[in-house]
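Listed here are the chains, written in short residue letters.
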Amino acid sequence: MLSSSTLSIPACTDVPRHLAVIMDGNGRWATKRFLPRTAGHVRGVQAVRRVVEACGKRGVEYLTLFAFSSENWRRPKEEVSLLMRLFIQTLEKEVGKLEQQGVRLRVVGDLEPFEPKLRDLIRLAEQRTEHNSALNLTIAANYGGRWDILQAMRRLLESRPDLAGTPQAIDEAMLADHLSMAYAPEPDLFIRTGGEQRISNFLVWQLAYTELYFSQDYWPDFGAKEIDAAFEWYKTRERRFGRTSAQVSGVV
Ligand code: FPP
């Protein structure tokens, strides 16, 4: 992890350096139009394109999208397989564009249960874009915040078996270095669309001091205008990281 909000105070800028998004409301968007829920996911891909482009233009460095949670396997079989097909199609179609736009793509989560074709496409897309740095796009797939903390602890103990005998020697930074997004700063801004106000096991560790923005818009309706509204709100936030308001404004 690049910096930790609990160990030091990160620099704050008007535009969030790292934006994390829960893309919610695809199903309701479709149901409202008497369409199958899956039609909402298809339209959701267009919103992904718009938001990636808007974030690139506004100078966001890291954009992380929650595409499929560890708990989403509980959905009807047809919806899960449509989502898998959509990931495959989107990767096949978009990777060239991402490469040209300077976007570096990474996928985090437990990829083991995905079909080999999808895993291969993910690896290939990551390789094809690894030289890019304009925007770091992370797709969280079969991801869960608790899974991430657990796998980080397991990997830490694998690399440092001596720590099992001296657990008091384990510190935050050691664990954070093994989280699946150790390459990124913690999110400055979190957006959840679709009107719900929950974290839903997203970046549980990293959201400790993130500003939380909840939008009533369904994800397929989200785009540049809605991103601007969220960024305007973000600009008004006083990020105190445990300090008092007077300390932040330099009065004391
Ligand atoms: C939540 O809406 C959305 C998902 C679980 C899937 C998100 C997937 C996409 C936006 C499309 C593919 C993305 C990529 C990156 C290729 P919901 O179904 O829970 O909506 P609801 O709450 O209205 O039912």
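Higher on the page you've got the structure.
Computed from a prediction, not measured in an experiment: that's the story for all the values here. (Residues numbered from 1 in each chain as written. Predicted model: local features only at pLDDT ≥ 70, side-chain atom pairs only at ≥ 80, totals over all residues. Heavy atoms only, no water.)

Draft legend 1. Structural detail: the pattern of salt bridges. Summed over all chains, the structure comprises 21 salt bridges. Here R128 and E99 are joined by a salt bridge, their closest N and O atoms 2.9 Å apart. With R128 in helix α4 (residues 116–129) and E99 in helix α3 (residues 77–100), this residue pair connects regions lying 29 residues apart in the sequence. As a salt-bridge pair, R237 and E211 come within 2.9 Å of each other at their nearest N and O atoms. Linking R237 in the loop between α7 (224–235) and α8 (245–248) with E211 in strand β6 (residues 211–214), this pair joins segments that are 26 residues apart in sequence. Take E211: its relative accessible area is 11%, and that puts it in the buried class. (Salt bridge = Lys/Arg side-chain N within 4 Å of Asp/Glu carboxyl O. Helix = DSSP H or I, 4+ residues; strand = E, 2+ residues; numbered from the N terminus. Buried < 20%, exposed > 50% of the residue type's maximum accessible area, 1.4 Å probe, protein only.)

Draft legend 2. Representation of the site of the ligand. In the vicinity of the ligand lie 17 residues, with D24, G27, R28, R37 and R75 positioned nearest. In the model, an oxygen atom of the ligand is placed 3.0 Å from a nitrogen or oxygen of the G27 main chain. Contact between the ligand and R37: an oxygen atom at 2.8 Å from a side-chain N or O atom of the residue. Relative to its unbound accessible surface of 630 Å², the ligand loses 90% to contact with the protein. Contributions of two or more residues to the shell around the ligand are made by α1 (26–32), α2 (37–58) and α3. When the residues that make up the shell around the ligand are grouped by side-chain class, the tally is seven nonpolar, six polar and four charged. (Near = heavy atom within 4 Å. Polar contact = N/O pair within 3.5 Å; in protein donor to acceptor, adjacent residues only side chain to side chain. Areas by Shrake-Rupley, 256 points an atom, 1.4 Å probe, with all protein chains shown as cover. Nonpolar A, V, L, I, M, F, W, Y, C, P; charged D, E, K, R; others polar.)

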